[in-house]
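An overview of the molecular structure
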Amino acid sequence: KEPVQLPNTPSKLTLKEDLMLGEPDEDQNYPFSMLSWLSVDDDENIITMDNEEGCIRIFDKTGKLIRRFGQKGQGPGDFQNVTFLSVLEGDKIGVLDRSNHRFSHFSRDGECLKEVKLGEYWNVYRIKADSRGSLYANFVTWNRADKEVSFTVDLIKFDSDFKPIMTLGNFEESSKRNEVNMVEKRFGYDVRSDDVLVWGINTEYVLNFVNPDGKVIRKVVKDYDPEKLTEEDRKRQYKLSFGERTLPPRIKLNYPKHYYPYGYLICDDQGRTFVRTYGKANQGEFFFDVFDSEGRYIAKFACPVDEMPVMIKKGKMYSILRDRNDLPLLRRYTMVWE
């Protein structure tokens, strides 16, 4: 349950903010209408997606806007509803647009290099790419009955043209009509810089380390104390899902007694895996567990509950959050190991 202190290995991690994007300029202009996703390239340029305006903005590592491209629409190179973007092959930008049913490749100058139709796999989300051009994504299949809504989620490895190579895992979820499960069952997965996929299903604390051939080379099972959902947690979950809306009385919200073991995971470029848990620090922050490249539990650190870290690269962590006026912000931290 507690991190292991390895000889001659740092075990304490501190976050120090070094950049904030999204605050208004002198003319009260905001750079983001919406901050849907972000990624970071090898030069530490920050690539952001704004679904409200249908555009990609690229900032250099100092936070200076260096490029903007794209518009709302359905034509070539347009964006409708982007649910994920990532850096491909070091200098290209991959964009998943589920509403336009395509996965597009762009140069950093904004040129559309390639568009791949998703076909029967239009209902994919959360794409992760390896250095060989392979793509990992969730694929949802809905099964509707008179009294129940259920779906199956598969974790699939695709080639660069979105042709399936193998299915690595799956799970099923269901609820009765007019009921909502407020704690989401989901896959956690990311691809390390050595092309090892780390994945698990968050209903149990098990991480699978898989090589590019699909072979499990390591399995990590971690002990943990289940975290109860407090009334404050329920209110926070409701706001995340529905904002300030009041739901009709016929809608029933299902809250479990305990959270699942973790929410999601991300990998850095040093082979480490960071797992966002629901364990809480003194100020209410959620803990991240940190595993080294061998799968050993080496550290944990607290992150503000209203932030969503989505990228760790070159010793920097990038988070999406909102300010008091519900405006989107991007915060970057330097990660200091001791």
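Scroll up to find the structure this text is about.
Keep in mind that what you see is a predicted model, and the values were worked out from it rather than measured. (Residues numbered from 1 in each chain as written. Predicted model: local features only at pLDDT ≥ 70, side-chain atom pairs only at ≥ 80, totals over all residues. Heavy atoms only, no water.)

**Regarding the pattern of salt bridges**
- By the definition in use, this model includes 26 salt bridges.
- Close ionic contact of Asp-18 with Arg-332 constitutes a salt bridge, the shortest N to O distance being 2.7 Å. Taken together, the residues Asp-18 in strand β1 (residues 13-21) and Arg-332 in strand β26 (residues 328-337) connect sequence positions 314 residues apart.
- By relative accessible area, which is 6% here, Arg-332 ends up buried.
- The residue Asp-43 makes a salt bridge to Arg-108 at a minimum N-O spacing of 3.1 Å. On the criterion of sequence distance, the pair formed by Asp-43 in the loop between β2 (37-40) and β3 (46-50) and Arg-108 in the loop between β8 (102-107) and β9 (112-117) is long-range, its members being 65 residues apart.
- Connected through salt bridges with shared partners, the residues Asp-50, Glu-53, Arg-57 and Arg-68 form a single ionic network. (Salt bridge = Lys/Arg side-chain N within 4 Å of Asp/Glu carboxyl O. Helix = DSSP H or I, 4+ residues; strand = E, 2+ residues; numbered from the N terminus. Buried < 20%, exposed > 50% of the residue type's maximum accessible area, 1.4 Å probe, protein only.)

**Quick notes on the side chain of Asp-289**
- By the element assignment, Asp-289 lies in strand β22 (residues 286-291).
- For Asp-289, a relative accessible area of 4% corresponds to the buried category.
- One polar contact links Asp-289 to Tyr-205, side chain to side chain, over a distance of 2.7 Å.
- Setting aside residues up to four positions removed in sequence, Asp-289 forms contacts with Tyr-205, Lys-222, Thr-273, Phe-274, Val-275, Thr-277, Tyr-297, Ala-299 and Lys-300. (Polar contact = N/O pair within 3.5 Å; in protein donor to acceptor, adjacent residues only side chain to side chain. Contact = heavy atoms within 4.5 Å.)

**Observations regarding the packing of aromatic side chains**
- Here the structure, examined in full by the defined rule, presents 22 aromatic pairs.
- Seen from their ring centres, Tyr-121 and Phe-158 are 5.1 Å apart, and the 80° between their planes marks the pair as edge-to-face. Here Phe-158 lies in strand β12 (residues 148-158) and Tyr-121 lies in the loop between β9 and β10 (124-129), a separation of 37 residues in the sequence. One exposure class covers both Tyr-121 and Phe-158, and it is buried.
- With 4.0 Å between their ring centres and 0° between their planes, Tyr-259 and Tyr-278 make a pair best called stacked. Of the two residues, Tyr-259 sits in the loop between β19 (252-254) and β20 (262-267) while Tyr-278 sits in strand β21 (residues 273-280), which places them 19 residues apart along the sequence. (Phe/Tyr/Trp six-rings, centres within 6.5 Å; stacked < 30°, edge-to-face > 60°.)

**Some details on helix α1 (residues 231-242)**
- Between its first and last C-alpha atoms α1 spans 16 Å; for twelve residues at 1.5 Å apiece the expected length is 16 Å, and the two agree.
- Turning to α1, its buried residues number three or more, namely Asp-233, Gln-237, Tyr-238 and Phe-242. Down the axis of α1, the buried set is contained in an arc of 135°. They therefore lie on one face. Away from the buried face of α1 by more than 90 degrees, exposed residues Glu-232, Lys-235, Lys-239 and Leu-240 are located. (Expected span 1.5 Å × (residues − 1). Arc of directions from axis to C-beta.)

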